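Residues per chain are reported as follows:
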Amino acid sequence: MASKFIMPKQVISGADALGQSKEVIRTLGTKALVVSGKVMNRIGNVKIVTDLLDEIGIGWAVYDDITGEPDDVMIDGGVEAYKANGCDFLIAIGGGSPMDSMKAIGALITNPGKIADYMGKEITNPLPPMVAIPTTAGTGSEATQFTIITDTKTSIKMLLKGTVLIPDVAIVDASFTVSSPKSVTNATGLDALTHAVEGYTSKKASPLTDVFAMDAVKRIFKYLPRAYADGEDMEAREEMILAALEAGVVINNSSVTLVHGMSRPIGANFHVPHGLSNAMLLKVCLTFALDGTYERFADLGRAIGVATEKENDETAAKAFLTAIIELCETLEVPTLAEYGVDKEAFFKVMDKMADDAIASGSPGNTRKATTKEDVLRMYKELW
Ligand SMILES: [Fe+2]
C-alpha cells in the first residue's frame with residue numbers, strides 16, 4: 001500500500017543552528033510573535049531569539065503566557081496578541097507547549113471560529129509562516145502536523161491536526177536543552193521513545209517511518225541515560241534532540257497508538273506532564289500490545305542489542321519490553337500514586353477517560369485490537 005511522508009520544509013540542526021538561521025528567518029515576514037513561557041523568558045532563551053531578530057531588522061512581540069500544557073484560553077490570548085501587534089509570522093521557543101500553542105494560534109489567524117471547533121476536523125487553510133525552536137528533547141512538535149490543546153470547558157485534551165500545522169522551519173539546537181532539569185529530561189526523552197516505539201509498531205508504519213523510528217530508538221537507549229545522569233553531557237544532548245526530531249517525524253506519518261491514547265486523559269484530568277504519563281503507561285500498555293506484533297517489537301530488541309537473530313521473535317520482543325522497563329527504572333519514573341494522583345478520584349473518572357482514549361482514535365492504530373474494556377483493565381493495572 002502506498003503511504004505519504006511529510007516533514008518540515010527546512011530543518012537546521014547542529015551547533016549554532018539558531019545563528020545559522022538568520023537568512024531563513026529574514027524571508028518569513030516583518031514582525032514575529034514569539035510564543036513562549038515565563039520560565040523561558042526568565043532564563044534568557046526568549047531574549048536570545050529577540051536579539052537575533054533585532055540584529056536582522058525584524059520586528060517582534062513576545063507572548064509568554066503559555067504557563068503549562070496549553071488550553072483554549074491561552075490560545076485566544078495569543079491570537080489577540082498577534083493581531084494587536086500587527087504580526088505576520090510566528091516563532092515558538094520552548095518545549096511542546098509553546099510549539100503546540102504557536103500552531104493553534106496560527107490556525108485561528110487564517111481559519112474561522114474557535115480552536116474547539118476543529119476537534120475531529122482537519123485544519124486546512126494555510127497558516128502564517130512558523131518557526132519552531134525546541135528547548136526540550138522530546139515532544140517532536142517541531143516536526144508534526146498535530147497540536148494538543150485542552151478544552152477548559154470539557155477537560156478533554158483535543159488532538160487537532162492538519163498538514164498546514166507543520167512548522168516551516170525547525171531549528172534544532174542542543175544548547176537550549178542543557179537547562180532542562182532531570183524531571184524534564186526523563187519525561188521528554190521517554191515521550192520521544194514512546195513516539196518511536198508506537199510509530200514503529202503502529203498499523204500506519206511505512207518503510208520510511210521505520211528508518212526514523214529505528215534510529216531514534218537506538219539513539220535514545222544509548223544517550224538518554226547519559227543525558228539524565230549528566231545534563232551537561234553535550235554529546236548526549238545533541239543525540240537526544242536529534243532523536244526527538246526523528247521520533248516526531250515518525251508520529252507525523254505513522255501516528256501514535258495505545259500509550260498516547262490512554263495518556264492524554266490522565267494529563268487532562270490530573271495534570272500529569274505528558275511525557276511522564278506516557279512513561280507511567282509504557283509497561284502496562286506494551287505488555288498488552290506485545291503479542292499483537294512480536295516481529296516488530298523483536299526488530300527493536302535486536303536493534304538495541306538485547307536480542308540477536310538466534311532468539312525467536314517472541315523472546316526478542318519480551319527482551320525489548322524488559323529493556324524498556326529497566327530504562328524507566330533507571331530514569332526514576334514515578335507511579336501515579338508516587339506522583340500524588342488520588343486513587344479514588346482516578347477511579348471515579350476512569351470510565352470517561354477510557355471513552356476519551358478510544359474516541360481519540362490512537363488506540364485503534366495499535367496492531368492488537370483494543371477495546372474499551374482493555375483500556376479500563378490497563379488503567380486499573382496502573383495501581
Ligand atoms: Fe507524545
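Up top is the structure these notes are about.
Residues numbered from 1 in each chain as written. Predicted model: local features only at pLDDT ≥ 70, side-chain atom pairs only at ≥ 80, totals over all residues. Heavy atoms only, no water.

Novice: When you look at the state of the cysteines in this model, what are you seeing that I'm missing?
Specialist: Among covalent bonds in proteins, the disulfide is the one between the sulfur atoms of two cysteines. Under the criterion given, the structure shown has zero disulfides. As a non-bridged cysteine, Cys285 has Cys328 as the owner of its nearest cysteine sulfur, 11 Å distant. The buried category is assigned to Cys285, whose relative accessible area is 1%. The class of Cys328 is buried, set by a relative accessible area of 12%. (Disulfide = S-S within 2.5 Å. Buried < 20%, exposed > 50% of the residue type's maximum accessible area, 1.4 Å probe, protein only.)

Novice: Please explain the coordination of the iron ion as it appears in this structure.
Specialist: Four donors placed tetrahedrally about a metal ideally form angles of 109.5 degrees, and six donors placed octahedrally ideally form angles of 90 or 180 degrees. Around the iron ion, the donor atoms from the protein are Asp191 (OD), His195 (NE2), His260 (NE2) and His274 (NE2), and they sit 2.1 to 2.2 Å away. In this structure, the iron ion is coordinated by four donor atoms arranged in irregular fashion, with angles at the metal of 85 to 171°. Each donor residue of the iron ion belongs to the same chain, with the gaps between them written as D-x3-H-x64-H-x13-H. A residue pair is termed a helical-turn pair when its members lie 3 or 4 positions apart in one helix, as Asp191 and His195 do in helix H6 (residues 182-201) at four residues. (Donors = N, O, S within 2.8 Å, 3.2 Å for Na, K, Ca; no water. Tetrahedral: all angles 85-135°; square planar, octahedral: opposite > 155°, others 65-115°. Helix = DSSP H or I, 4+ residues; strand = E, 2+ residues; numbered from the N terminus.)

Novice: What is the right way to look at the sheet that holds strand E8 (residues 169-172) in this model?
Specialist: Strand pairing within a sheet occurs via backbone hydrogen bonds; the two strands may be parallel or antiparallel. In spatial order, the strands read E1-E8-E5-E4-E2-E3; together these six strands make up an open sheet with parallel pairing. Of all the strands in the sheet, just strand E1 (10-13) and strand E3 (59-63) have a single pairing partner and so form its edges. Strand-to-strand twist of the sheet, defined as the mean angle between neighbouring strand axes without regard to direction, takes the value 20°. Judged from the five bridges that link them, strand E4 (residues 89-94) and strand E5 (residues 130-134) form a sheet pairing that is parallel. Of the residues in E5, the one forming a bridge with Leu90 is Met130. Where helix H5 (residues 96-110) meets the sheet, it contacts strand E2 (31-35), E3, E4 and E5, and its direction lies at approximately 165° from that of E4. (Pairing = 2+ DSSP bridges. Axes fitted to C-alpha atoms, helices over the stretch in contact; angles between N-to-C directions. Contact = heavy atoms within 4.5 Å.)

Novice: Would you mind showing me how to read the pairing of E8 here?
Specialist: Residues in a regular strand point their side chains to alternate faces of the sheet. On E8, burial covers both faces: Val169 and Ile171 on one face and Ala170 and Val172 on the other are all buried. Across two bridges, the pairing between E5 and E8 is parallel. For Ala132, the partnering residue across the bridge sits in E8 and is Ala170.

Novice: Looking at this structure, how should I read the pattern of salt bridges?
Specialist: Side-chain pairs of opposite charge can arise where the charged atoms are in close proximity. For the coordinates displayed, the defined rule picks out 23 salt bridges. With a shortest N-O distance of 3.2 Å, Glu246 and Arg219 are connected by a salt bridge. Highlighted residues: Glu246 in helix H8 (residues 234-254) and Arg219 in helix H7 (residues 207-229), separated in sequence by 27 residues. Close ionic contact of Lys372 with Asp351 constitutes a salt bridge, the shortest N to O distance being 3.1 Å. With Lys372 in helix H15 (residues 372-381) and Asp351 in helix H14 (residues 343-359), the pair connects residues that are 21 residues apart, well separated along the chain. Judged by relative accessible area, Asp351 falls into the partly exposed class, the value being 40%. Bridged by salt links that share partners, the residues Asp215, Arg219, Glu239 and Glu246 form one connected network. (Salt bridge = Lys/Arg side-chain N within 4 Å of Asp/Glu carboxyl O.)

Novice: So what exactly am I meant to see when it comes to the packing of aromatic side chains here?
Specialist: The geometry of two aromatic rings is summed up by the distance between their centres and the angle between their planes. Taken as a whole and assessed by the stated rule, the structure comprises seven aromatic pairs. Connected via pairs of aromatic rings, a cluster forms that spans Phe270, Phe346, Phe347, Tyr379 and Trp383. Seen from the ring of Tyr118, Lys121 lies directly overhead, with NZ or CZ sitting 5.6 Å from the centre. Above the face of the Phe288 ring, Lys368 is positioned so that its terminal group lies 4.3 Å from the ring centre. (Phe/Tyr/Trp six-rings, centres within 6.5 Å; stacked < 30°, edge-to-face > 60°. Lys NZ or Arg CZ within 6 Å of the ring centre and 35° of its normal.)

Novice: Would you mind going over the packing of H6 against helix H12 (residues 313-330) with me for this structure?
Specialist: Each pair of packed helices gets described by two things: the angle between the helix axes and the distance between those axes. Packing of H6 against H12 leaves a shortest axis separation of 12 Å and a crossing angle of 165°. The pairing of H6 with H12 is recorded here as roughly antiparallel in orientation. Between H6 and H12 lies a crossing of left-handed hand. Counting all contacts with H6, which are made through Leu190, Leu193 and Val197, the residues of H12 involved are Phe320, Ile324, Leu327 and Cys328. For the contact of H6 with H12, the class distribution of residues is seven nonpolar, no polar and no charged. (Parallel < 35°, antiparallel > 145°, perpendicular 65-115°, else oblique. Left-handed = near helix turned anticlockwise from the far one by under 90°. Nonpolar A, V, L, I, M, F, W, Y, C, P; charged D, E, K, R; others polar.)

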